[in-house]
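An overview of the molecular structure
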Amino acid sequence: MILISDGKIRFSVKITFIFCLFVSVIVISYTQKQYFTYKQERCMLMGETASHLFQDDIEKNLTANQILEALILENNGRVNNFKAVARKLINRYPSIQSIHLAPKGLITQNYPKSYSDKQINLFDYSETKISSSYALKTKNTYLTGPLLGENNTSELLIQHPVFITDSDGNESFWGFIILSLSTSNLFGKEHLDFLNNAGYRFRIWKPEPVNEDPFVFYENTTLPLSNPCTNIFGIANSLWTVYTQPQEGWFNTGILIIEIISALTFSLLASFTIAFLVSLKNRDEALERLSFRDSLTNLYNTRKFMNTLKEYAKSGEPYSIIYLDINDFKRINDNLGHDTGDQVLVIAARKISNCIREGDRAFRIGGDEFTVILPGKHEGPFVEAVIERIKESIKRETVLRNARLQITSSAGFARCPEDSSDYEEVIKTADKNMYLDKQKLKQTNPNGLSIEKTGNQDKK
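So, a few notes on the structure that sits alongside this text. (Residues numbered from 1 in each chain as written. Predicted model: local features only at pLDDT ≥ 70, side-chain atom pairs only at ≥ 80, totals over all residues. Heavy atoms only, no water.)

1. With respect to the nonpolar core
Here is the rule we go by: To qualify as a nonpolar core, a set must consist of buried Ala, Val, Leu, Ile, Met, Phe, Trp, Tyr and Cys residues joined through side-chain atoms within 4.5 Å. Burial status follows relative accessibility: with a 1.4 Å probe on protein chains alone, a residue under 20% of its type maximum counts as buried, one over 50% as exposed, and anything between as partly exposed. Numbering of helices and strands runs from the N terminus; a helix is a DSSP stretch of H or I covering at least four residues, while a strand is a stretch of E covering at least two. Whether two residues touch is decided by their heavy atoms; if any such pair falls within 4.5 Å, the residues are in contact.
Of all hydrophobic cores here, the largest spans 45 residues; its most connected members are Phe54, Ile99, Phe187 and Trp240. Element by element, the count of residues in this core is highest for helix α1 (residues 11-59), at six residues. Setting aside residues no more than four positions away along its own chain, isoleucine 99 makes contact with Leu68, Phe82, Ala86, Leu89, Ile90, Gln109, Asn110, Tyr111, Ile178 and Leu179. Val344, Leu345, Ala362 and Ala403 belong to the second-largest nonpolar core, a separate cluster that totals 31 residues.

2. Some details on the sheet that holds strand β7 (residues 171-182)
Quick reminder of the rule: Note: two strands are recorded as paired if DSSP finds a minimum of 2 bridges between them. Axis definition: a line fit to C-alpha positions, over the contact stretch in the case of helices; interaxial angles, taken between N-to-C directions, run 0 to 180 degrees.
Read across the open sheet, the five strands follow the order β4-β3-β7-β6-β5; overall the sheet is antiparallel. A single partner strand is all that each edge strand has here, and the edge strands are β4 (109-111) and β5 (142-148). Neighbour-to-neighbour, the strand axes of the sheet open up by a mean angle of 20°, direction not taken into account. Sheet topology places strand β3 (residues 96-103) next to β7; seven bridges connect them, and they run antiparallel. The residue of β7 that forms the bridge with isoleucine 96 is leucine 181. Against the sheet, helix α2 (residues 63-74) touches β3, β6 (154-165) and β7, its axis set at about 30° to β6.

3. Quick word on empty space enclosed by the protein
Keep this limit in mind: Lining residues are those with an atom within 4 Å of a point, where the points come from a 1 Å grid over the protein atoms alone and group into cavities, where a 1.4 Å probe fits but cannot get out, or pockets, open sets with protein on both sides within 12 Å along at least five of seven lines. Grid points are joined across faces, edges and corners, and a volume is the space filled by probe spheres set on the points. Residue classes follow a fixed rule: Ala, Val, Leu, Ile, Met, Phe, Trp, Tyr, Cys and Pro count as nonpolar, while Asp, Glu, Lys and Arg count as charged, and any other residue, Gly among them, counts as polar.
Within the structure shown, the criterion is met by one cavity of 30 Å³ or more. Approximately 40 Å³ is the volume attributed to the largest cavity. Lining the largest cavity are Ile326, Val344, Ile347, Ala348, Lys351, Ile394, Thr398 and Ile407. Residue contributions to the lining of the largest cavity peak at four residues, all from helix α9 (residues 338-354). By residue class, the composition of the lining of the largest cavity is six nonpolar, one polar and one charged.

4. A few points about helix α11 (residues 423-444)
Defined as follows: By this rule the span expected of a helix is its residue count minus one, scaled by 1.5 Å. For this quantity, the arc is that covered by the directions from the helix axis to the C-beta atoms. Here a polar contact is taken to be a pair of N or O atoms separated by no more than 3.5 Å, where protein atoms must pair a possible hydrogen donor with a possible acceptor and residues adjacent in sequence count only if both atoms sit in side chains.
Compared with the 32 Å implied by 1.5 Å per residue over 22 residues, the 32 Å span of α11 between its first and last C-alpha is a close match. Within α11, the full set of buried residues consists of Tyr423, Val426, Ile427, Ala430, Met434, Asp437 and Lys438. Projected down its long axis, α11 carries its buried residues within an arc of 120°, all on one side. Turned more than 90 degrees from where α11 packs its buried face, Lys428, Lys432, Lys440, Lys442 and Gln443 sit exposed. Those residues of α11 that are buried are in contact with α7 (302-315), β12 (319-326), α10 (380-395) and β17 (409-416). The N-cap of α11, judged by a side-chain oxygen 3.0 Å from the amide nitrogen of glutamate 424 a few residues on, is aspartate 422.

5. Digging into the pairing of strand β10 (residues 229-235)
Covered by surrounding structure in β10 are Cys229, Asn231, Phe233 and Ile235 only, the residues Thr230, Ile232 and Gly234 on the alternate face being uncovered. As defined by bridge partners, β10 adjoins strand β11 (residues 238-246) across seven bridges and the pair is classed as antiparallel. Its bridge partner lying in β11, phenylalanine 233 is registered against tryptophan 240. Taking the residues that link successive antiparallel strands as the turn, the β10-β11 hairpin has two residues, and the phi of alanine 236 there is positive, at about 55°.

Scope: geometric values only; no functional claims are made or implied.
Given below as structure tokens:
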């Protein structure tokens, strides 16, 4: 199978899958971080916009203070037709549930009348004593609350101090204009729907005046907000906070699942592709071994040797051929057995490969015969040096399990086009020169092969 080899998942498949998963984790982490950053930035922008809208909802009620103050100053401390004016203001600003006038801090006029007919001194009343002193001292509007009003309703009090300047330029404290705002309809529906329709959970709150605990004016969820965006806006002396969070949370589970599935699919496809390519490569290598490799030594075979020479003949490229065989190889087979002879051939093939350059090619032609092709144009001494290097390597003592051998070899060479441009003639010349070398070696070394048997021979 493509993915499995010898009953186990291919190593290349494992590495590819792990690498792809690792890359996918980095990509998913990066995209999720970018997505989270985008959602945070958008959440902050939406929360900031909503905060301005909510601030406008509260501050527009302060216009009633300015209208009443203008009437008081215009009439030198008197307010004519207070009830008519107050009624119009309440109709215009739905958040205002009652309006009070408190000259010198003593409430004397209320609208609606049914709301309260008590005359309260704001400087003595426990819930307004501090705010009245602060407003008088700073000459600024002061917001108190939320407080528990009549009918157990929650309300905000806005105390606006009024000062009258006489003809001599002397300023004197007239009293307070007090607006009682209902917390239940403090914010306009269209402004609340702004975040609702945008898909955000949110909460609007400010600290209570006594224990500083958060008082929630409005929320569209009872769930806890996780890591919400925080926007703060100020009205008079008070700070208000808007918490905002996307309805689906900071991370979109659907997108994350799609990314994970995509990552797994990509990793599997990549692993399958790598396994397929490796399988093709292994198949090609196996086919090459069957077609062009010698099964014993793994050198190129005769078929590859002839095909290579034909290619050189077509291209006209120069080359040199070394023809080589093992001397007295038959004695090795006769005295030590064919298994030992095969070991000698494998060792000789490895030594030949180690003595040639990258780009040169070694072949086993058959039996104990080998050839080497040296591409390019070479002088005779260069080829002779290669032959000598191979001979010296083969001549080094070969130690086997059942014998110690001193092996010699014979070699000859021919060059194309110097000796011939016909590759068959080049082969014959190299073979002929090898036999001349063999005869010369027999004259100088008649004993030839040296075999020293050891005590580890197999019983026949």
